[in-house]
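Fold and geometry: a report
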Amino acid sequence: MTSSYVLTSRQPGSEAPHEAPEWEARLALLGRFSMEIRSRKVVLSPSVQRLLALLALHPEGATRALVASTFWPDLPVRRAGASLRSTLWRLTRSSGRNRLVDADDDCLALAPTVCVDLHLAERRAAALVSSHACGPAPLPAPAELREDLLPDWTEDWLVVAREHFRQTRLHALEAVSRRLHDGGELAAAMECAMTAVEAEPLRESAHRHVVNIHLAEGNVAEALRHYEFFRRMIRSQLGLGPSSGFRRLVAPYLGRPLDP
């Protein structure tokens, strides 16, 4: 029996194979949460926002039991199920006749006509770091790599997914920076490298990219200043020093012996 809380039931395989979906809605999870339905921004209750975000993290769908226990772990099973049904009802009121969530007696899933920026960013990042990637890097740096996954939310179930995407976008930013550097687009390469540094100030590989770009530009003083900034920061916060590879990179330009 199909749930009445969504517009259409989930019918696997009903979409034509290899046919690109026509987006009815766009769900933004990078930076601040937002939902647009047919190019119109929609205000959703916090519980509906959480439901859509959780389903976006489970592209293959999630059982009702999993969703209910994730959101209301301290409630009895029946009450948690009732709270989930109430959330689905609110979703239906907000979305009207538009298809956002497919449901059956056991599972919930985002409708295939909902475009999720997180999914697009993950695919873009995978393409950028692929060993088969070729040609010039995109200019400017991909906007979808500039924001973390819902950074202001404090839900426990987001922690692992947020860290996963953060590492994904950091690797992609560094890959783009490297390709731009190799192509002589040093200003754009620096922008990507600094975006990675801002995302994770203690990430040495990102700082090495910054120093390499300064050296390629002939800005030795800037390179040494940035190296010293990183050296002092990592010493004060972690009690560590730069790696031997980083020290060797700047060794020819230092007016003193390398740090031990």
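You'll find the structure just up there.
Residues numbered from 1 in each chain as written. Predicted model: local features only at pLDDT ≥ 70, side-chain atom pairs only at ≥ 80, totals over all residues. Heavy atoms only, no water.

**Considerations on the packing of helix 1 (residues 46-56) against helix 3 (residues 77-95)**
The N-to-C vectors of helix 1 and helix 3 enclose an angle of 95 degrees; their axes lie 9 Å apart at closest approach. Here helix 1 lies roughly perpendicular to helix 3, going by the angle between them. Residues Ser47, Val48, Leu51 and Leu52 of helix 1 touch helix 3, and the partners they reach there are Leu84, Thr87, Leu88, Arg90 and Leu91. Here the residues of the contact of helix 1 with helix 3 are counted per class, giving six nonpolar, two polar and one charged. (Axes fitted to C-alpha atoms, helices over the stretch in contact; angles between N-to-C directions. Helix = DSSP H or I, 4+ residues; strand = E, 2+ residues; numbered from the N terminus. Parallel < 35°, antiparallel > 145°, perpendicular 65-115°, else oblique. Contact = heavy atoms within 4.5 Å. Nonpolar A, V, L, I, M, F, W, Y, C, P; charged D, E, K, R; others polar.)

**Focus: the sheet that holds strand 2 (residues 34-37)**
Strands belonging to one sheet form pairs held by backbone hydrogen bonds; the direction of such a pair is parallel or antiparallel. If you walk across this open sheet you meet the four strands as 3-2-1-7, and the pairing is mixed. A strand with exactly one partner marks an edge of an open sheet, and here the two such strands are strand 3 (40-42) and strand 7 (114-116). Neighbour to neighbour, the strand axes of the sheet diverge by 25 degrees on average, direction disregarded. Sheet topology places strand 1 (residues 25-28) next to strand 2; four bridges connect them, and they run antiparallel. Its bridge partner lying in strand 2, Ala25 is registered against Ile37. (Pairing = 2+ DSSP bridges.)

**Regarding the sheet that holds strand 5 (residues 101-103)**
Here we have three strands laid out as an open sheet, ordered 4-6-5, and antiparallel in their pairing. Every other strand in the sheet has two partners, leaving strand 4 (62-63) and strand 5 as the edge strands with one partner each. As defined by bridge partners, strand 5 adjoins strand 6 (residues 107-110) across three bridges and the pair is classed as antiparallel. Each residue of the ladder has a partner; that of Asp102, found in strand 6, is Ala109.

**Looking at the nonpolar core**
Core analysis: the largest hydrophobic core is formed by 41 residues, its most contacted members being Leu27 and Leu52. For this core, the leading source of residues is helix 1, giving seven residues. With 20 residues, the next largest nonpolar core counts Leu128, Leu145, Leu173 and Cys192 among its residues. (Core = buried A, V, L, I, M, F, W, Y, C linked by side-chain atoms within 4.5 Å. Buried < 20%, exposed > 50% of the residue type's maximum accessible area, 1.4 Å probe, protein only.)

**Digging into the side chain of Asp117**
Position of Asp117 relative to the elements: it lies in helix 4 (residues 117-129). For the buried residue Asp117, which engages in no salt bridge, the nearest side chain bearing the opposite charge is Arg26, 9.4 Å off. Other than its neighbours up to four places away in sequence, Asp117 contacts Leu27, Ala28, Leu29 and Leu30. (Lys, Arg positive; Asp, Glu negative; His and termini not counted. Salt bridge = Lys/Arg side-chain N within 4 Å of Asp/Glu carboxyl O.)

**A look at the pairing of strand 1**
Linking strand 1 to strand 2, which pair antiparallel, is a turn of five residues; within it Gly31 sits at a positive phi near 80 degrees. Pairing between strand 1 and strand 7: three bridges, direction parallel. Within strand 7, the residue paired with Leu27 across the bridge is Val116.

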